[in-house]
Amino acid sequence: MQRRYAAQRNIARHFALGIALTGLMLTFLAAVLLVFPYKLAANPEVQGELLYDLLGSLEYQDDGRFSPVDDPVMQQNLKTLTTQKRLNGREGVAYILNVRNGMVVWQSAPVRAELGVVAVDDTYTMQFKQTPTHQLAVQNFWLKAAGNARVEFRMVVALPIH
């Protein structure tokens, strides 16, 4: 009789240990996802979506620059997006460059993060590059300006690696 109870107690201990270890693993996973979300932000898929979300909130002006869409809700969404993704210039940054003259025609922060020199192709497919401090998503695009002149731009979203 006593052997049967001893076997049941061992099964109960193993079951409790399994539950405790599973709970511990789930707690660790939740902590990693909540404490280190910026590592997930450097994922190329997420970064590509971020690039398109930012570009969708901007419109081209006659002076050759980009500005937020003239809608208070979209402007608030753009501000929230740049704040949440830490595109403040100290950690990460997003900007649009006029390819022809090298001028920045829009940026997410008054101060641009130092990215270093990165070789970018002139293709129109999204490119993912890396510097020692940042993961970059780069998208080249063009628009027809007044007089049917084709103006080429490059949008860069740089998120910190660490």
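Residues numbered from 1 in each chain as written. Predicted model: local features only at pLDDT ≥ 70, side-chain atom pairs only at ≥ 80, totals over all residues. Heavy atoms only, no water.

A. Representation of the packing of helix H3 (residues 44-56) against helix H4 (residues 72-84). Between H3 and H4, the shortest axis-to-axis distance is 10 Å and the interhelical angle comes to 150°. The angle between H3 and H4 falls in the class roughly antiparallel. Judged by the twist between their axes, the crossing of H3 over H4 is left-handed. Here Leu50, Asp53, Leu54 and Gly56 of H3 lie close against H4, whose contacting residues are Met74, Leu78, Leu81 and Thr82. In terms of residue class, the contact of H3 with H4 is made up of five nonpolar, two polar and one charged. (Axes fitted to C-alpha atoms, helices over the stretch in contact; angles between N-to-C directions. Helix = DSSP H or I, 4+ residues; strand = E, 2+ residues; numbered from the N terminus. Parallel < 35°, antiparallel > 145°, perpendicular 65-115°, else oblique. Left-handed = near helix turned anticlockwise from the far one by under 90°. Contact = heavy atoms within 4.5 Å. Nonpolar A, V, L, I, M, F, W, Y, C, P; charged D, E, K, R; others polar.)

B. The packing of aromatic side chains, seen in detail. A complete count under the given rule lists five aromatic pairs for this structure. On the basis of an interplanar angle of 65° and a centroid distance of 5.3 Å, the ring pair of tyrosine 60 and phenylalanine 66 is categorised as edge-to-face. Since its relative accessible area comes to 29%, tyrosine 60 is described here as partly exposed. Among the aromatic residues, ring-to-ring pairing joins Tyr60, Phe66, Phe141 and Phe153 into one connected group. Seen from the ring of tryptophan 142, arginine 150 lies directly overhead, with NZ or CZ sitting 4.1 Å from the centre. (Phe/Tyr/Trp six-rings, centres within 6.5 Å; stacked < 30°, edge-to-face > 60°. Buried < 20%, exposed > 50% of the residue type's maximum accessible area, 1.4 Å probe, protein only. Lys NZ or Arg CZ within 6 Å of the ring centre and 35° of its normal.)

C. Summary view of the pattern of salt bridges. Taken as a whole and assessed by the stated rule, the structure comprises three salt bridges. A salt bridge links arginine 154 to aspartate 122; the shortest N-O distance between them is 3.2 Å. Placement of arginine 154 in strand E7 (residues 150-160) and of aspartate 122 in the loop between strand E4 (104-107) and strand E5 (127-130) is noted, with a sequence separation of 32 residues between them. Assessed through its relative accessible area of 14%, arginine 154 is described here as buried. Note that arginine 150 and glutamate 152 form a salt bridge whose closest N and O atoms lie 3.8 Å from each other. Using a relative accessible area of 42% as the deciding quantity, one classes arginine 150 as partly exposed. (Salt bridge = Lys/Arg side-chain N within 4 Å of Asp/Glu carboxyl O.)

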